[in-house]
Structures are given as structure tokens and as C-alpha cells.
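# Inside the fold
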Amino acid sequence: MLRLWMGYLKLVELFVSSLVHLLYGFYIFSSAVAGDLSESLNEILYQKPKKIVDVVNKVSEKRIISADEENSAASTNGYDLPPIVLVHGIFGFGKGKLGALSYFAGAEKKDERVLVPDLGSLTSVHDRARELFYYLKGGQVDYGEEHSTACGHSQFGRIYEQGHYPEWDEDHPIHFVGHSAGAQVVRVMQQMLADKAFKGYENTSEHWVLSLTALSGALNGTTRTYLDGMRPEDGVSLKNVCLLQICRIGVLIYDWFDIPWLKNYYNFGFDHFNMSWKKAGISGLVDCLLGNAGPFASGDWILPDLTIQGTIKLNSQLRTFPDTYYFSYATKRTRKVRGITVPSGILGIHPLLFVRVLQMSQWTYPPNAPLPYKGYRDEDWHDNDGAMNTISMTHPRLPIEHPSHFVENDSDCQPLEPGIWYYKYVEGDHIQFIINRERAGVQFDLIYDSIFERCRKHVFRKKLPTVPNEVHH
């Protein structure tokens, strides 16, 4: 009787979780569509007045140079600033997707040289790392012959006629900011650069990455993957009935129908698996749904990379490089009450994440499953932000601990030393600093201003040239 009752509760929880995620996804999608429709309508209604305004502005531009433009010109004449690249996490999107909606809630407008690539939202860390390289450098995405053959997808993907930063090299390095899984994507790409893993680019090195800032970074995996449906026994396969199974079926059907205008708004990133009805047909869809083909069959998707076991496997090949600057913001929405970890509030946690904050704070590894690593303790993984465990976000710990330094105030770590993971705890859930700027309030600006300031003023491998009447600290 007890087992039946527990099974019933799990089904109810699955139904509620699925409904909440579906409604939130629909809300985001409909908001983007509504925003685009509103913008198009405004252009139609105010087209003529806009043309008049444009003419007036052009005349004014010829006569007046603002102070901001002067400062910008002086900056350009002084030296070229390296771009800051914002890398989204799971289910994320870059500039050009979901209309005018911004994954980073408009933070990219805080600096003149910010890039926001659109990478696969559910593709593996490996595939996203390859996409990121070619997005910046240009050319056709090459996922690697050996990897592509093993995972059953095309070796080549999207073509970038012009890279977004084609001059990228050791003398023109880049700052990266990765949210959630985006941090791991940058780490894997940097390792690929060090290993000269990009065919036709024999001069790559780890020095191409100037700094990496992880915002709620998935550096050591998360126990949420098991709550969503990954089997803790192996960290690779899915439970028969779970949220991720529903997600899997939805993604396969979405990609199979391959509706152009929908995919222009949002793409899961599995085009290189050729699952469209035009190429796979009905039999291909059936094979994918039965688990005989596609990314979910080969394990070449993001969730296996986010389990503790999958992250340990990834991290065993990744280094913290001595000439790269690292900084991490570890978010949490839990607190201790008489030794028990509980959510730190109700109103401050997004409805999408509240149940998971509670579940993750009480997570215990199944007694019949082998522990993911020697020394694992449930209580170490209880603090969380609804998607990632706080212990996972500070710095790479598994399978070996990388050099790190806890930061209470930003002034405590100036100047930064390369090769060390500086980390700071921040009160917030996993989507506090993305999508909706108003949720984070003043803290949004404090976080991103400090990130951009650090990139611009404190993190330069080479000494900046001195402009007259200016001193660099």
C-alpha cells in the first residue's frame, strides 16, 4: 500500500513538474513572438514619422559629436578591446533567436564589444564547444570525424561565412562569461585549443582565452539530473518514466516536423543528427522514439554531461591554465535550520525552481547505486539554486581539486592572479541573472558591472598602452 501511495505521489509530481515547465516555455516563446509582432506593428504605423526623425538625426549627426562618441573614439584610437563572449546554458539561446528576447536579460548592452552566440540548447558540451569556435573564427562547424562517427551524426554542421571575431588568436584573446553549462563549454573549448584539436588551425593554444567567468557554472555536475530522470547508477541512461523522457519525446517530434519559422525562433541544435522528416522519414522518427537512433540513443546530448559521473569524465581531461584568469559566482537559495537544509524563502525563488530547490536540499544517493566518487557525502550537495548544487559552482573539484580562493569582497582579490579560481557566493536561484532583469533588481547591475569591469580594467595579459593623462591600475 505504501509503495502504491509513493508511486502515486511521484506521478503527481511528474505531472505538476511537466505542466510548470511547459507553461513557462510557452510563456517565454509567446513573449518573444508578441514582442516581434508589436515591433513590426510599430514600424508599420510609425514608418513615415520615423523616416522624418531619421533625416533630422542624420543632419544633427553631421553637426554635433556627443561626449560619449568622443570617448568611444578615444578608446578605439588607444587600443582595441578584446570582446566579451556570453555563453548561454541548457535550454538557452543566443542573439537572433526568440526575437528580441535576451537570454542575458540585456546585460550585453553594458559594453560595446559583447558577443552572444547561439549554440545548441540541448547538444553535448563537446558539440557546443566546436560550434563556439567556428562561430568566432568562421567556417563550417567540424564536430570531428572520430566523435561524429561514434555518435552517429554528420561531421559537419552550420557554415559561418564570416566569423564574429576572425582575428582571434594568441595576440587577440577573448574574455568568456558562461552561465550554467556554458562555463563547461568554454573550458572544453579551451582544452581543445590547447590540444590543437581544430583541423586546419595548428597554431591554437590555451592563450586564446584571456579569462573565464562562470555564473552559476556547472563545473562539477548536479544532482538535479537524477531528479529529472538520469539514472544515478550510471549517469548516462534515462529512467523509463520521468520528466526527461517527456522532454526527449517533445524534442524529437519538434525536430522531425522541422517547421522553418519555429526553428528560426528556437532550435535545440540537433540539425547535424538529420532527424527532419525530409531526411529521416517515418521510420527514422520511430527509431529515434524507440531509442535506437539520435542523440538520446548515443548519449551525445547535454544531460549526461551534467551528471556527477559525466562531469568527472569531462573534468579528467580539462586543466586550469596558469595564464588564464578565472572567476566564479556560486548561487544558492537554501539555508540551514537546525542542521537541516531548506529553501531560503518562497517569494524569492522562481516557481519553475521552487520544488527542485526543496528536492535537491533533501537529496540522498540511492543505497543500491555506487557512489559517484570516493568521499561523496549527501550533505555536501544539499545547498543549491534549484538547478545546480552550490558546491559544484565554486571551482572544479572532481576528480581533482583545482587551485581556488574564496572572495568575500571584490576588493580582496585585486589584482587577480591567473591560474586560480576565485569564487564568490551570491544569494539567488539559477535564473536570477538571466531572462528577466527585474527579478534580480539592483543585484543584476552589481553582478554584470563587476564582471565587465573586471574584464576591462583588471584582466589583461599584456600591459595596456598608456593614453595621455591616463594611468592604468
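Above this text is the structure in question.
Since this is a predicted model, take the numbers as computed values, not measurements.

Rules of the game
Residues numbered from 1 in each chain as written. Predicted model: local features only at pLDDT ≥ 70, side-chain atom pairs only at ≥ 80, totals over all residues. Heavy atoms only, no water. Helix = DSSP H or I, 4+ residues; strand = E, 2+ residues; numbered from the N terminus. Contact = heavy atoms within 4.5 Å. Salt bridge = Lys/Arg side-chain N within 4 Å of Asp/Glu carboxyl O. Buried < 20%, exposed > 50% of the residue type's maximum accessible area, 1.4 Å probe, protein only. Patch = residues over 30% accessible without salt bridge, like charges linked within 9 Å, V, L, I, M, F, W, Y side chains within 5 Å. Areas by Shrake-Rupley, 256 points an atom, 1.4 Å probe, with all protein chains shown as cover. Pairing = 2+ DSSP bridges. Axes fitted to C-alpha atoms, helices over the stretch in contact; angles between N-to-C directions. Polar contact = N/O pair within 3.5 Å; in protein donor to acceptor, adjacent residues only side chain to side chain. Core = buried A, V, L, I, M, F, W, Y, C linked by side-chain atoms within 4.5 Å. Expected span 1.5 Å × (residues − 1). Bend = angle between axes of the 7 residues up to and from the residue.

What follows is about the environment of Gly291. Looking at the secondary structure, you find Gly291 in the loop between helix 10 (277–289) and helix 11 (295–298). Put simply, Gly291 and Arg248 are 43 residues apart on the chain and 9.9 Å apart in space, counted from C-alpha to C-alpha. Leave out the neighbours within four places in its chain, and Gly291 touches Arg248 and Ala297.

Following the criterion strictly, the structure yields 13 salt bridges and no others. Taking the shortest distance from any N to any O, the salt bridge between Lys263 and Asp271 comes out at 2.7 Å. The class of Asp271 is partly exposed, set by a relative accessible area of 42%. Bridged by salt links that share partners, the residues Lys110, Arg437, Asp445 and Asp449 form one connected network.

Right, let's get into a nonpolar patch on the surface. Judged by side-chain polarity, Val12, Phe15, Val16, Leu19 and Leu23 come together as a nonpolar surface patch covering roughly 450 Å² of accessible area. For Phe15, the location among the structural elements is in helix 1 (residues 2–45).

A separate point is the sheet that holds strand 5 (residues 174–179). With parallel pairing, seven strands are arranged side by side in an open sheet as 2-1-5-6-7-11-10. Only two strands of the sheet have a single partner each, and these edge strands are strand 2 (114–115) and strand 10 (404–406). In this structure, strand 5 lies alongside strand 6 (residues 209–215), joined through six bridges in parallel fashion. Residue pairing in the sheet places His175 in a bridge with Ser211 of strand 6. Running at roughly 150° to strand 1 (residues 84–87), helix 4 (residues 125–137) makes contact with strand 1, strand 2 and strand 5 of the sheet.

Let us now look at the environment of Tyr376. In this structure, Tyr376 sits in the loop between helix 14 (351–361) and helix 15 (390–393). When the C-alpha atoms of Tyr376 and Tyr365 are compared, they prove to be 9.3 Å apart, with eleven residues separating the residues in sequence. Beyond its immediate stretch of four places on either side in the chain, Tyr376 contacts Ile308, Trp363, Tyr365, Leu371 and Trp381. Among the polar contacts made by the side chain of Tyr376, one reaches the side chain of Trp363 at a distance of 3.4 Å.

Leu132, Leu136, Trp168, Phe176 and Met189 are the most contacted members of the largest nonpolar core, which has 112 residues in total. It is helix 6 (residues 181–194) that contributes the most residues to this core, nine residues altogether. If we skip the residues at most four places from it in the chain, Leu132 touches Val85, Val87, Pro117, Leu119, Phe176, Val185, Val186 and Met189.

What follows covers the pairing of strand 11 (residues 421–427). Summarising the sheet, strand 7 (residues 325–332) and strand 11 pair through seven bridges and their orientation is parallel. Residue pairing for strand 11: Ser328 is matched across the bridge by Tyr423. Bridge analysis of strand 10 against strand 11 gives three bridges, and the strand direction is parallel. Bridge assignment links His405 to a residue of strand 11, and that residue is Tyr422.

This next bit is on helix 10. In this model helix 10 runs just 13 Å from its N-terminal to its C-terminal C-alpha over 13 residues, more than 12% under the 18 Å that 1.5 Å per residue would give. By the largest-angle criterion, Ser283 marks the main kink of helix 10, which is about 70°. For helix 10, the set of buried residues is Gly284, Leu285 and Cys288. Where the residues of helix 10 are buried, they touch helix 8 (243–257). Once helix 10 ends, the next one or two residues include Gly291, with phi positive near 85°.

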